[in-house]
Protein chains: 2
Amino acid sequence: MFEKRDELLEKIEELITRKRYAELRDMLLPMEAADIASLCEDLDDKVPLVFRLLPKELAAEVFVELDSDEQELLISSFSNTELREVLDELYLDDTVDIVEEMPANVVKRILRHSDPEMRKSINEMLKYPEDSAGSIMTTEFVDLKETMTVEDALKRIRRTGPDKETINICYVIDEGRRLIGLLSIRTLLLAEEDDVIGEIMERNLIAVQTLDDQEEVARMLGKYDFLALPVVDKENRLVGIVTIDDAIDVLQEEVTEDIEKMAAMLPSDKPYLKTSTLETYKARIPWLLLLMISSTFTGQIISSFENALAAAAILTAYIPMLMDSGGNCGSQASATVIRGLSLGEIRFNDLIRVVWKEIRVAVVCGATLAAANFLKLMLIDRMLFGNVSMTAQVACVICATLVCTVMCAKLVGCILPLLAKRIGFDPAVMASPFITTIVDAISLLIYFRFASAVLGL
Amino acid sequence: MFEKRDELLEKIEELITRKRYAELRDMLLPMEAADIASLCEDLDDKVPLVFRLLPKELAAEVFVELDSDEQELLISSFSNTELREVLDELYLDDTVDIVEEMPANVVKRILRHSDPEMRKSINEMLKYPEDSAGSIMTTEFVDLKETMTVEDALKRIRRTGPDKETINICYVIDEGRRLIGLLSIRTLLLAEEDDVIGEIMERNLIAVQTLDDQEEVARMLGKYDFLALPVVDKENRLVGIVTIDDAIDVLQEEVTEDIEKMAAMLPSDKPYLKTSTLETYKARIPWLLLLMISSTFTGQIISSFENALAAAAILTAYIPMLMDSGGNCGSQASATVIRGLSLGEIRFNDLIRVVWKEIRVAVVCGATLAAANFLKLMLIDRMLFGNVSMTAQVACVICATLVCTVMCAKLVGCILPLLAKRIGFDPAVMASPFITTIVDAISLLIYFRFASAVLGL
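These figures come from a predicted structure and were not determined experimentally. (Residues numbered from 1 in each chain as written. Chains lettered and ligands numbered in written order. Predicted model: local features only at pLDDT ≥ 70, side-chain atom pairs only at ≥ 80, totals over all residues. Heavy atoms only, no water.)

Engineer: Requested: an account of the pattern of salt bridges, with residues and values cited.
Structural biologist: This structure, assessed with the given rule, holds 43 salt bridges over all chains. Across the salt bridge formed by R284(B) and E358(A), the nearest N and O atoms sit 2.8 Å from each other. Taken together, the residues R284(B) in helix α17 (residues 277–304) and E358(A) in helix α20 (residues 351–384) connect one chain to another. Across the pair, E358(A) and R284(B) agree in class, each one buried. A single network of salt bridges, built from pairs that share partners, joins D67(A), E70(A) and K274(A). (Salt bridge = Lys/Arg side-chain N within 4 Å of Asp/Glu carboxyl O. Helix = DSSP H or I, 4+ residues; strand = E, 2+ residues; numbered from the N terminus. Buried < 20%, exposed > 50% of the residue type's maximum accessible area, 1.4 Å probe, protein only.)

So, in structure tokens, the structure goes:
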């Protein structure tokens, strides 16, 4: 497929050079908007040309799929008439998304060329906080009245349908625009023409509020297998709907954010290859610095036991193994709990169950690791390599530390994300790198404590 | 909301104890199936009772949402008639999902009580490999003929619609059941009654093959904003469709798997609180053991420089800082690349671009970390704490090692996942824990090399 992509790009460049525009247009027409947009990424300054070849509707679809950099480039190449034509074809929620990404002068130009009703809606939606249901909803839905017959409803859908983002679910409102029911297009089609909407509609409905978190809304759509969720204001008036395709984008973005945070980065909303070195640097350096500083405390611990280490130099060689194993155990526990929290499978109330489970897992994991390690120390390090300073006592210190480290790591790893969630922090930040630093320090303290006790250092 | 859940559970238990079944039924009726299923998790042996109170259709919806343990419990409590009733209400793809999770004796019972056509379809779908498009598709879609008029089509939808998983997209097939077009219910409703399907249908269509990877299919649904994707066999015959709600589940599962692999665990398909200690242990111990063994090589490196460390004991104290920083830098790079690969934003062909980018980021990150560290070493460790063995030379060794470690970590972190992808391995396995172990060894080698050269050990 990727070879095909490169071939396609070559072919497009060639057709442009040879000015075979009709041929190029015929080649693009059968393609999906998302695919054309992806090709545009590598066409640079030829994008406006390609764009003008497309029929209006397809052009608008491609426009929505482009990165904001290319959208900006295109808008600046548009005449006012062209801009107005593209805006006319866009759904409101897509326009709002675009406006949110553009610099102020471009926003002004877009608003100047939208029709007055559109401008009002854009301005209203821009007021909703980022990441709220209001900011991702569309106001183009089908609304019906309780008193309509199925025939009336179908007529209304036929009349207003072309401008709506979806007709698959229709919403029923009362005179005060309050949401009182919904019905699917399937229910409508399967009903008799003279059935009354109020009698066949679904009255048990789930709605979200404009200020609800978009992630929560997306997860609800996934959980209930809905195609859209109605969004109401505080007076239960229907103001918009969030459709499933937007929900998928939100879910993907939020997962990327979680993974970035879990790997000690500040989340970025641009694709990797589109971010500049400076932006990537800014996202990565804060945690690196913080974790570097905090890991020097681990160094302090080693320094303060310098004499013990000098007396039993063999202990130093096992520090990396202890630190790494602690880090790995901690990241297993924290990744599991963070993902469970974000899927809604684990709640803060489950703290005791989670801790008890991790204790049991830590006991068996710790015992297995310690046993494997003891065998390795005695058979390989001592007998095979003839390292006489590896006595059974030293091996016991190392293995006992390992058991304790595993226990600490699993406990810290499962408790910190839950606590973070409880006090309203993002649990994803309490992931591997952060926990590793804590567990490192704890495991070294245990190590030297055991060493002093057993080896009498 | 969680308080509400506990209250609800108490109320249900109370109504059951007092045998107020009608009241309980009225309480459950307005709830969503997914919510009732979630309550059932805590109702244990009362589930069959609650289940029998629900109307058939809602009962079937709840059944689909239950965990496989509870489904098995319920099935074993069903009479044959009850089992047949529930099976009648289920969509085919849900039945197949359930059958896949059940032990052999339950599967036999289910197949015995399905009607012959259903049994044939289940058996056919069970043949598709796990994780293939065939295994998640449903065969209950609306198929139309090219020669039908819109009126014929709507009639057909009204007649067959109740049994179809979705009517929002209809598929047009020829006499050989080959897929030739599709159209949305919106197109149908907005067309004239005597329009011919062949003239208004969309002919540019994207279909997937039965053996395509389910993750790829789910990502395509998200990318193209489709509500369903047609699944065809090798002869381009339409055999099923994958709907968006199943795609969301697949995406969520795959992300969980990625996160588990990135945290050095074998993926599990059960929610955390449902897995036994032994299962969790089995998922976690293999990587822990492997990484523990490999991190002892790092220990070997330290041992082999025992004399150098004895001569300049201060070097030991900075080993954790170097190892941690290397691990953090590596996990940043690898998490970014792994996520980019799984979103399709990065391809193997981008290797050079990715490497060049990481080199630049590594230079600035390394420089910043080294500068901060140098200041800290000289101002705090030497001047504030009066550690006279911290000479400018030692500080230089530490900071130079830091720069090299960051560079190695970023390079290893970005290259390994791309290589894994290239040779057909899962990139997610090449994540933080694995990379940390490699980077630890490299950074220690550099550390001691620098120390020997500069400090003449």
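Engineer: Could you give me a rundown of the sheet that holds strand β1 (residues 143–145) of chain A, with the residues and numbers involved?
Structural biologist: All names here are of chain A. Taking strand neighbours across the sheet as the criterion, the three strands line up as β1-β2-β3 in an open arrangement whose pairing is mixed. Strands at the two margins of the open sheet, each flanked by one partner only, are β1 and β3 (179–184). Taking the axes of each pair of neighbouring strands and ignoring which way they run, one obtains an average angle of 35° across the sheet. Note: β1 against strand β2 (residues 169–173), three bridges, orientation parallel. Within the sheet, the bridge partner assigned to L144 lies in β2 and is V172. (Pairing = 2+ DSSP bridges. Axes fitted to C-alpha atoms, helices over the stretch in contact; angles between N-to-C directions.)

Engineer: Explain the pairing of strand β5 (residues 228–232) of chain B to me, and be specific about the residues and the numbers.
Structural biologist: Residues and elements named next belong to chain B. Burial within β5 is extensive, with five of its five residues counted as buried. Here β5 shows no split at all, with A228, P230 and V232 on one side and L229 and V231 on the other all buried. Note: strand β4 (residues 208–209) against β5, two bridges, orientation parallel. Within β5, the residue paired with V208 across the bridge is V231. Pairing geometry for β5 and strand β6 (residues 238–243), over five bridges, is antiparallel. From the neighbouring strand, V231 faces β6, where its bridge partner is G240. The hairpin turn running from β5 into β6, its antiparallel successor, is five residues long, and N236 in that turn takes a positive phi close to 65°.

Engineer: Can you tell me about the nonpolar core, naming the residues and giving the values?
Structural biologist: Judged by nonpolar contacts, the single largest core of 126 residues is most densely connected at F63(A) and F63(B). Every residue in contact with F63(B), bar those within four places of it in the chain, is listed here: F51(B), Q71(B), L74(B), I75(B), F78(B), V86(B), L90(B) and I98(B). Core analysis: the second largest hydrophobic core is formed by 89 residues, A312(A), L369(A), V412(A) and A395(B) among them. (Core = buried A, V, L, I, M, F, W, Y, C linked by side-chain atoms within 4.5 Å. Contact = heavy atoms within 4.5 Å.)

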